[in-house]
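Secondary and tertiary structure notes
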Amino acid sequence: MPPLPKKKPLTSLDKALARTQAATAKKPVVRKPVKRRPSKKKSKGMAMHWKFIIAIFLLVLLSPLYYAYVLKLFTSTISWVKDWGEDPNYRTYQSFNIKIPRKHSIHGIDVSSYQGKIDWQQVKAMHEDSVRVHFAIIKATEGVALVDPYFQRNWREAAKTGIVCSAYHFFRPKKSGLWQARFFLQTVQFEKGDLPPVIDVEELNGVSPAVMRKELSIFLLHVERKTGVKPIIYSGLSFYNDYLDGHFDDYKLWIAHYYEPQLKVNSEKWVFWQHSDQARINGINHTVDFNAFNGDSTMFEALKIK
């Protein structure tokens, strides 16, 4: 193995160059830690002004007035859509299953044993929008001997619910008007707050119109004398036009006239319009006659027995 070459001794120049290189060599860079600005702590909870705004919003939203307004607007919009294209004089009420004249705000029914046993609490509770049963006219008697088998129950139970009541007598022109009036008043005790008594006349029963009117006049005068209240006359529109018009102008009328846009009788004479015989009412298992009152709540109050 050949001998290793000997290193040449460093000259003074080489030593100076080495010292220079060592002096100029880069020192490792030491990075100073970056000072970060302290972050602001997030506030716990919401700012006071937002809390105030939310509180006001909730108060308005939960207010009964606001709720009623929104509900009324919502139901009115639905009704408007449902009524699109319908007869402008009527609106269909699905729960009552009939069309009801738009221009009247006070409504009622008339009943007899034909409707069977009635749950008057359900009748009172039923409503759709602003339509509900305000009054009931209940059959009491017929002729000189027939009392409606459900009269006493209906008369008692309907009044308990706060429904305003009247009673009617089905008039038989062949029988004495006086006897019929006495029989009617023996059966019904009218009181303050009731609607006036009603006489239902819609048949001649084989007598002449003159005889019918004579006996009817006797009935009306006796009832008025005993109660201090003028009775209301009920009849169908055709029968009224043929036999009663012009003869009993001092008496208020209750007229049956179905499925027509309006009642074609002097508006100052009639107080009730029986406009349908097909209403469905909660608590009653049979169809019912439905009636509109000709006036507002003030006029309805004025009609009651004082």
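Below: a short report on this structure. Quantities reported herein were computed from a predicted structural model and do not represent experimental measurements.

Rules and cut-offs
- Residues numbered from 1 in each chain as written.
- Predicted model: local features only at pLDDT ≥ 70, side-chain atom pairs only at ≥ 80, totals over all residues.
- Heavy atoms only, no water.
- Helix = DSSP H or I, 4+ residues; strand = E, 2+ residues; numbered from the N terminus.
- Buried < 20%, exposed > 50% of the residue type's maximum accessible area, 1.4 Å probe, protein only.
- Contact = heavy atoms within 4.5 Å.
- Areas by Shrake-Rupley, 256 points an atom, 1.4 Å probe, with all protein chains shown as cover.
- Axes fitted to C-alpha atoms, helices over the stretch in contact; angles between N-to-C directions.
- Left-handed = near helix turned anticlockwise from the far one by under 90°.
- Pairing = 2+ DSSP bridges.
- Salt bridge = Lys/Arg side-chain N within 4 Å of Asp/Glu carboxyl O.
- Arc of directions from axis to C-beta.
- Patch = residues over 30% accessible without salt bridge, like charges linked within 9 Å, V, L, I, M, F, W, Y side chains within 5 Å.
- Lys, Arg positive; Asp, Glu negative; His and termini not counted.
- Polar contact = N/O pair within 3.5 Å; in protein donor to acceptor, adjacent residues only side chain to side chain.

So, the overall build of the protein
- Helix and strand counts for the protein come out as 9 helices and 12 strands.
- By residue count, 40% of the 306 residues in the protein fall in the buried class.
- Considering only contacts within the protein whose residues lie at least 6 apart along the sequence, 65% involve residues at least 24 apart.
- Carbon and sulfur atoms make up 58% of the accessible area of the protein, which totals about 20,000 Å².

What about the packing of helix α6 (residues 177-187) against helix α7 (residues 209-227)?
- Put simply, α6 and α7 touch, their axes get as near as 7 Å, and they point 35° apart. The handedness of the crossing between α6 and α7 comes out as right-handed. When α6 is examined against α7, the residues Gly 177, Leu 178, Gln 180, Ala 181, Arg 182, Phe 184 and Leu 185 are found in contact with a partner set consisting of Glu 215, Ile 218, Phe 219, His 222, Val 223, Lys 226 and Thr 227.

A short note on the pairing of strand β3 (residues 107-111)
- With respect to burial, β3 is a largely interior element, 5 of its 5 residues being buried.
- Going residue by residue along β3, you find His 107, Ile 109 and Val 111 tucked away on one face and Gly 108 and Asp 110 tucked away on the opposite face as well.
- Across 5 bridges, β3 lies against strand β5 (residues 131-142) in parallel orientation. When the sheet's bridge partners are listed, Asp 110 is paired in β5 with Ile 137.
- Pairing between β3 and strand β12 (residues 288-293): 4 bridges, direction antiparallel.

Digging into the pattern of salt bridges
- Applying the stated rule across the entire model yields 11 salt bridges.
- Between Glu 157 and Lys 160 there is a salt bridge; the shortest N-O distance is 3.3 Å. Of the two residues, Glu 157 and Lys 160 both sit in helix α5 (residues 151-160), 3 residues apart, roughly one turn of that helix.
- Look at Glu 157 and you get partly exposed, because its relative accessible area is 21%.

As for α5
- Phe 151, Asn 154, Trp 155 and Ala 158 are the residues of α5 that are buried. Here the buried residues of α5 occupy an arc of 100° about the axis, which is enough to place them on one side.
- Contacts made by the buried residues of α5 are with β3, α4 (120-125), β5, β7 (164-170) and α6.
- Looking one or two residues beyond α5, the residue adopting positive phi is Gly 162, at roughly 95°.

A look at a nonpolar patch on the surface
- A surface patch of nonpolar side chains, about 550 Å² in accessible area, is lined by Trp 50, Phe 52, Ile 53, Ile 56 and Leu 59.
- Mapped onto the elements of the fold, Leu 59 is located in helix α2 (residues 48-61).

Looking at the side chain of Asp 194
- Counting through the fold element by element, Asp 194 comes out in the loop between α6 and β8 (198-200).
- One buried charged side chain, Asp 194, makes no salt bridge at all; its nearest oppositely charged neighbour is Lys 304, positioned 8.8 Å away.
- Of the polar contacts made by the side chain of Asp 194, one reaches the backbone nitrogen of Glu 191; its length is 2.7 Å.
- Not counting residues up to four positions away in its chain, the partners in contact with Asp 194 are Trp 155, Cys 165, Gln 189, Lys 304 and Ile 305.

Remarks on the environment of Lys 103
- Position of Lys 103 relative to the elements: it lies in the loop between β2 (98-101) and β3.
- Exposure remark for Lys 103: the relative accessible area of 74% places this residue in the exposed category.
- Sequence-wise, Lys 103 and Asn 294 are 191 residues apart; in three dimensions their C-alpha atoms are separated by 9.0 Å.

Concerning the side chain of Asn 154
- Position of Asn 154 among the secondary structure elements: in helix α5.
- For Asn 154, a relative accessible area of 0% translates into the label buried.

What about unusual backbone geometry?
- Notably, Asp 129 is not glycine yet its phi reads approximately 55°, a positive angle.
- Mapped onto the fold, Asp 129 is located in the loop between β4 (127-128) and β5.
- Residue Tyr 259 is not a glycine yet carries a positive backbone phi of 55°.
- Relative to the elements of secondary structure, Tyr 259 occurs in the loop between β10 (253-256) and β11 (270-279).

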